[in-house]
Amino acid sequence: MDFTLDDTQSEIAALAAKVLGAEDDPWRALAGSGLLALALPPDLEGDGLGVAEVSQVLTEVGRAAAPVPAYAALALGVLPVETLGTPAQRAEFLPPVAAGEGLLTAALHEPSAPLTADPAASARAANGKWLLDGVKTAVPYAAEATRILTPVTTPHGTAVYLVDPRADGVTLVPTRNSAGTPECTLRLDEVAVEEADLLFDRGAVAALHRFALAGALALGDGLVAGALALTVKHVGERAQFGRPLAAFQAVAGQIADVYVAARTVHLAVTSAVWRLAAGLDADAELDIAAYWLAEEAPKALATCHHLHGGVGVDETYPLHRYSSAVKDLGRALGGAAHRLGRLGERVAG
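Quick notes on the rules
Each residue is numbered by its place in its chain's sequence as written, counting from 1. For this predicted model, a pLDDT threshold of at least 70 governs which residues receive local features, and a threshold of 80 or more governs which side-chain atom pairs are given and counted, while totals over whole chains, interfaces and linings are taken from all residues. Where side-chain values are given, they derive from all heavy atoms of the structure, hydrogens and water being excluded. Secondary structure elements are defined from DSSP: runs of H or I of at least 4 residues count as helices, runs of E of at least 2 residues count as strands, and each element is numbered from the N terminus. Buried, partly exposed and exposed residues are distinguished by accessible area as a fraction of the type maximum, computed with a 1.4 Å probe on protein chains only: under 20%, between the cut-offs, and over 50%, respectively. Here a polar contact is recorded for every N or O atom pair within 3.5 Å, except that within protein the pair must consist of a potential hydrogen donor and a potential acceptor, and residues adjacent in sequence are included only if both atoms are side-chain atoms. By definition, residues are in contact when any of their heavy atoms lie within 4.5 Å. What counts as a ring pair is set by centres within 6.5 Å for rings of Phe, Tyr and Trp (its six-membered ring), and what kind of pair is set by the plane angle: stacked under 30 degrees, edge-to-face over 60, tilted for all other angles. Our definition puts a charge over a ring when NZ of Lys or CZ of Arg is within 6 Å of the ring centre and also within 35 degrees of the ring normal. For two strands to count as paired, DSSP must find a minimum of two bridges between them. Working rule for helices: expected span equals 1.5 Å times residues minus one. The predictor attaches a confidence to each residue, and that confidence, scored 0 to 100, is pLDDT. We count a salt bridge whenever a side-chain nitrogen from Lys or Arg sits within 4 Å of a carboxyl oxygen from Asp or Glu.

**Regarding unusual backbone geometry**
And step 1. A positive phi is found at Leu115, a non-glycine position, where the angle reads about 50 degrees.
And step 2. Among the structural elements, Leu115 can be located in the loop between β1 (104-106) and β2 (122-126).
And step 3. Relative accessible area serves as the criterion here: at 6%, Leu115 is assigned to the buried category.
And step 4. Although it is not a glycine, Tyr141 sits at a positive phi angle of roughly 55 degrees.
And step 5. Assignment of secondary structure puts Tyr141 in the loop between β3 (129-140) and β4 (147-154).

Right under this line is the structure:
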């Protein structure tokens, strides 16, 4: 399905919700519906849309807690490559993602340094090539990706390289996360890259971080909303002492708390994504929304589990998909204390 700039984000969200709710293979269904091609330029059979529309897809992925690599492929791959990449890079790497046949991801974190703006990983010139060294942690879908967007420090500043995970000198060590999705530690030992592998230099790391934050926020917004909807349905249908659980004041009060958290997160995320999509300075809003999500989402999901009682700890019940994904997302943001520290630095600065 082709979209134009006249199509509303609500229509994109409605299609994503329909696709994710009706198909046994949601990733192939997203590709077949054209939703993975939203940000591709028209010359690559895309819709020429941007972060606002992609965020709608990620929100619906979160609302369904769908086990698909949408965050890695779209927020960490398609959006930065489409924005920063050369025509040759876009033509090589974006169409396979849009078709559901390839993946891109990014290595944003280093040991004890989430979303670091000053990578310890380095690039040095040698014999007409660049050699990369360093360690990256918590790289989603690293082994499955065609390329990993990898921030490094060069003698001239920071840059982002497109690293082939199968190249000589690359070691992928599988790591565990809450949701059980693929994730690796990436070790680089004199990995040779060409100039053609340079995604961008000046400002590339900051741009990559903005897309990563926007995508994580959109996904988290959907996760909290989906968990709330699941819990509202449960307490409305489950009876205790001849009355629905929702009729008890204590239950209603806790649901209200989750609702307030969900709406607060949604407002902060919407503001941040809108500013980024509009080309405005969105860094402060992204940091604020990231803090609210990292602080409020885990508590909201804990309340949802509590209101489900014993059902909430049953791994065959879908609530655990939401809470596990929220835990991983909070870690990807660096945690609430890290996000609060970032805000403190803004105030002090």
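**Some details on the side chain of Arg339**
And step 1. Summarising the element assignment, Arg339 is placed in helix α10 (residues 336-348).
And step 2. For Arg339, the side chain forms a polar contact with the side chain of Asp287, separated by 2.7 Å.
And step 3. Engagement of the side chain of Arg339 in a polar contact is seen with the backbone oxygen of Leu333, the distance being 3.1 Å.
And step 4. For Arg339, the residues in contact, after removing those within four places along its chain, are Leu115, Leu213, Asp287, Ala290, Tyr291, Ala294 and Leu333.

**With respect to the packing of aromatic side chains**
And step 1. If you walk through the whole model with that rule in mind, you get 1 aromatic pair.
And step 2. Arranged with centres 6.0 Å apart and planes meeting at 55 degrees, the rings of Tyr291 and Trp292 form a pair that is tilted.
And step 3. Using a relative accessible area of 32% as the deciding quantity, one classes Trp292 as partly exposed.
And step 4. Over the ring of Phe248 we find Arg243, and its NZ or CZ is 4.7 Å from the ring centre.

**Structural notes on the pairing of strand β5 (residues 157-163)**
And step 1. Extensive coverage of β5 is indicated by the burial of 5 of its 7 residues.
And step 2. Of the strand pairs in this sheet, β4 and β5 are connected by 7 bridges, and their pairing is antiparallel. Paired with Leu149 across the strands is Leu162, a residue of β5.
And step 3. Hairpin remark: β4 followed by β5, antiparallel, with 2 residues in the connecting loop.

**Re helix α9 (residues 319-333)**
And step 1. With 15 residues, α9 extends 21 Å between its outermost C-alpha atoms, agreeing within 8% with the 21 Å of an ideal straight helix rising 1.5 Å per residue.
And step 2. Taken together, the buried positions of α9 are Leu319, Tyr322, Ser323, Ser324, Val326, Asp328, Leu329, Gly330, Ala332 and Leu333.
And step 3. For α9, the elements touching its buried residues are α3 (51-63), α6 (204-237), α8 (283-308) and α10.

**Concerning the pairing of β3**
And step 1. As paired strands, β2 and β3 are joined by 5 bridges and run antiparallel to one another. Across the sheet, Ala126 pairs through a bridge with Lys129, a residue of β3.
And step 2. Counted along the chain from β2 to the antiparallel partner β3, the turn is 2 residues long, and its residue Asn127 has a positive phi close to 55 degrees.
And step 3. Sheet topology places β3 next to strand β7 (residues 183-193); 9 bridges connect them, and they run antiparallel. Across the sheet, residue Trp130 finds its bridge partner in β7, namely Val193.

**Focus: the confidence of the model for the chain**
And step 1. For the chain, the mean per-residue pLDDT works out to 93, and 97% of the residues sit at or above 70.
And step 2. Low confidence marks residues 1-6, where pLDDT is under 50. Its contacts with residues over four positions away, or in another chain, come to 14 contacts.

**Considerations on the pattern of salt bridges**
And step 1. One pass over the full model with this rule turns up 16 salt bridges.
And step 2. Arg124 is paired through a salt bridge with Glu190; the nearest N and O atoms lie 2.7 Å apart. In this pair, Arg124 sits in strand β2 while Glu190 sits in strand β7, placing the two residues 66 residues apart along the sequence.
And step 3. Judged by relative accessible area, Arg124 falls into the partly exposed class, the value being 37%.

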